[in-house]
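Report on the structure
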Amino acid sequence: MKSSLQLVTWTLAGLALTCVIVWGVRRGRGARSDRLRVADWLTIARFVLIAPTVWLLVHDEFGAAAICYFVLGWTDVVDGMVARARRETSAFGMFLDPLGDILSTSAVFTVFVFDGLIPRWLYALMLLRYLPLAVASLILSRTTGPVDFRSTLPGKIVGVVQGAGALWIMIWAARGVRPVPGDGPLFAFLAVGFVSIVVSQTVIGYRHVRRAPPRARG
């Protein structure tokens, strides 16, 4: 009963934080008056699921965490399909979608490293890959306008790689097996996936600069 109450509390806290994030993004993107679409709600659901996933991992409920994380990852696949099918692509959704990926991945792998399920070098690599994205986005937004975070093929591949890797770790941890079988190849697989995000970031930056006015590019 106490654990269930704690889980509900964490979920409500995640919901409250999600509302703050969505309000901030909508205000920053000038979309406060726009109606939230189906794809947007799916992306928002991903934010809400981060808190219960982390709580389950912290309390070693790896089986339930894997299910929660699978649903979280599935929203990442479905929201893009829905947005394209219903022609609901928006600047708000394109910014919120990668932000959800960053927050969910960082949260899950932070628990992994503290629980000894992944090596520290892999965690450091995961964090460092976001540094060029943050710096480049800041520079480009100030020099050539808001950055278009439309998804790229390398970015989608990274999402599948890190999602599959995280689920693999959770499933084996749920069986009480440590270290995780295939940890060497698995961590190398994840490392390649994390590094490849640089390719996606480069594509986003190049695409943004090409679309900028000639004076801004200069």
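Before going into details, it helps to say that this report is about the structure given with it. (Residues numbered from 1 in each chain as written. Predicted model: local features only at pLDDT ≥ 70, side-chain atom pairs only at ≥ 80, totals over all residues. Heavy atoms only, no water.)

1. Quick look at a nonpolar patch on the surface
Together, Ile 67, Phe 70, Val 71, Trp 74, Val 77 and Met 81 line one region of the surface with nonpolar side chains, adding up to about 630 Å² of accessible area. Relative to the helices and strands, Phe 70 is located in helix H3 (residues 62-85). (Patch = residues over 30% accessible without salt bridge, like charges linked within 9 Å, V, L, I, M, F, W, Y side chains within 5 Å. Areas by Shrake-Rupley, 256 points an atom, 1.4 Å probe, with all protein chains shown as cover. Salt bridge = Lys/Arg side-chain N within 4 Å of Asp/Glu carboxyl O. Helix = DSSP H or I, 4+ residues; strand = E, 2+ residues; numbered from the N terminus.)

2. Looking at the nonpolar core
Residues Phe 109, Phe 112, Ile 118, Ile 169 and Met 170 are the most contacted members of the largest nonpolar core, which totals 36 residues. Looking at this core, the elements with two or more residues in it are helix H2 (38-58), H3, helix H4 (91-114), helix H5 (120-128), helix H7 (153-174) and helix H8 (183-211). Setting aside chain neighbours within four positions, we find Ile 118 in contact with Phe 109, Phe 112, Val 113, Tyr 123, Ile 169 and Phe 187. (Core = buried A, V, L, I, M, F, W, Y, C linked by side-chain atoms within 4.5 Å. Buried < 20%, exposed > 50% of the residue type's maximum accessible area, 1.4 Å probe, protein only. Contact = heavy atoms within 4.5 Å.)

3. Observations concerning H3
It helps to recall that an α-helix has 3.6 residues per turn; residues three or four apart then point in one direction. In this model H3 runs 34 Å from its N-terminal to its C-terminal C-alpha over 24 residues, within 8% of the 34 Å that 1.5 Å per residue would give. Listed as buried for H3 are Phe 62, Ala 65, Ala 66, Cys 68, Tyr 69, Leu 72, Thr 75, Val 78, Asp 79, Gly 80, Val 82 and Ala 83. Positioned one or two residues after H3, Arg 87 has a phi angle of 55 degrees, which is positive. (Expected span 1.5 Å × (residues − 1).)

4. Looking at the environment of Thr 110
As for its position among the elements, Thr 110 is in helix H4. Thr 110 gets classed as partly exposed once you look at its relative accessible area, which sits at 23%. C-alpha separation for the pair Thr 110 and Val 54, spaced 56 residues apart in sequence, amounts to 9.2 Å. Separated by 2.7 Å, the side chains of Thr 110 and Tyr 123 make a polar contact. (Polar contact = N/O pair within 3.5 Å; in protein donor to acceptor, adjacent residues only side chain to side chain.)

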